[in-house]
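Single-letter residue listing:
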Amino acid sequence: MSYRPIISNMTEASSNEKDGLYEFIVKMVDGTECRTFYTRNPEWKMTNINRLQKTPCPVCRKDFICKCMNSFEGVIQQQIDDNDWLDKAIAK
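Residues numbered from 1 in each chain as written. Predicted model: local features only at pLDDT ≥ 70, side-chain atom pairs only at ≥ 80, totals over all residues. Heavy atoms only, no water.

A few points about the packing of aromatic side chains
Worth spelling out the cut-off: Pairing of aromatic side chains here covers Phe, Tyr and the six-membered ring of Trp, requires ring centres within 6.5 Å, and sorts the geometry by plane angle: under 30 degrees stacked, over 60 edge-to-face, intermediate tilted. The numbering of helices and of strands both runs from the N terminus, where a helix is a DSSP run of H or I of at least 4 residues and a strand a run of E of at least 2. Exposed residues in this analysis have more than 50% of their type's maximum accessible area, buried residues have under 20%, and partly exposed residues fall in between, with area computed by a 1.4 Å probe over protein chains only.
In total, this model carries 6 aromatic pairs according to the counting rule given. When the ring of Tyr22 is compared with that of Trp44, the centres are 4.9 Å apart and the planes differ by 55°; the resulting orientation is tilted. Of the two residues, Tyr22 sits in strand S2 (residues 21–28) while Trp44 sits in the loop between strand S3 (33–39) and strand S4 (45–51), which places them 22 residues apart along the sequence. Judged by relative accessible area, Tyr22 falls into the buried class, the value being 6%. The class of Trp44 is partly exposed, set by a relative accessible area of 24%. Geometrically, the ring pair formed by Phe24 and Tyr38 is edge-to-face, given 5.7 Å between the ring centres and 80° between the ring planes. On the criterion of sequence distance, the pair formed by Phe24 in strand S2 and Tyr38 in strand S3 is long-range, its members being 14 residues apart. Given a relative accessible area of 1%, Tyr38 falls into the buried group. Taken together, the aromatic side chains of Tyr22, Phe24, Tyr38 and Trp44 make up a single cluster linked through ring pairs.

Now the structure itself:
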């Protein structure tokens, strides 16, 4: 796979703090946007990731729903952990 996702920004879209559920919008440097879902209990864990339909998929070039970003979940999660994106997104 030649595609390498690099996160440029992460913002909180919604949250249910009582249940520990969060939704974030992750923007990549190539313009791709993804919606990630997290649970906070007992620790932060990504439960799902979906590409938003604003640009074609950078992997398969489809302009409709695909599951390509699921294969990059580990890489994206590692960047989020390494750069403290969760803390930055919640602080705003």
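Side note on the nonpolar core
What counts is decided by this rule: Each nonpolar core is a collection of buried residues, namely Ala, Val, Leu, Ile, Met, Phe, Trp, Tyr and Cys, held together in the definition by side-chain atoms within 4.5 Å. Here, two residues are considered to be in contact whenever any of their heavy atoms come within 4.5 Å of each other.
One finds Ile7, Met10, Phe24, Met28, Tyr38, Ile76 and Ile80 to be the most contacted residues of the largest nonpolar core, which totals 18 residues. Mapped onto this core, the elements with two or more residues apiece are strand S1 (7–16), S2, S3, S4, helix H1 (73–82) and helix H2 (85–91). Those residues within four positions of Phe24 in sequence are excluded, and the remaining contacts are Met10, Thr11, Glu12, Ala13, Cys34, Arg35, Thr36, Tyr38, Trp44, Leu86, Ala89 and Ile90.

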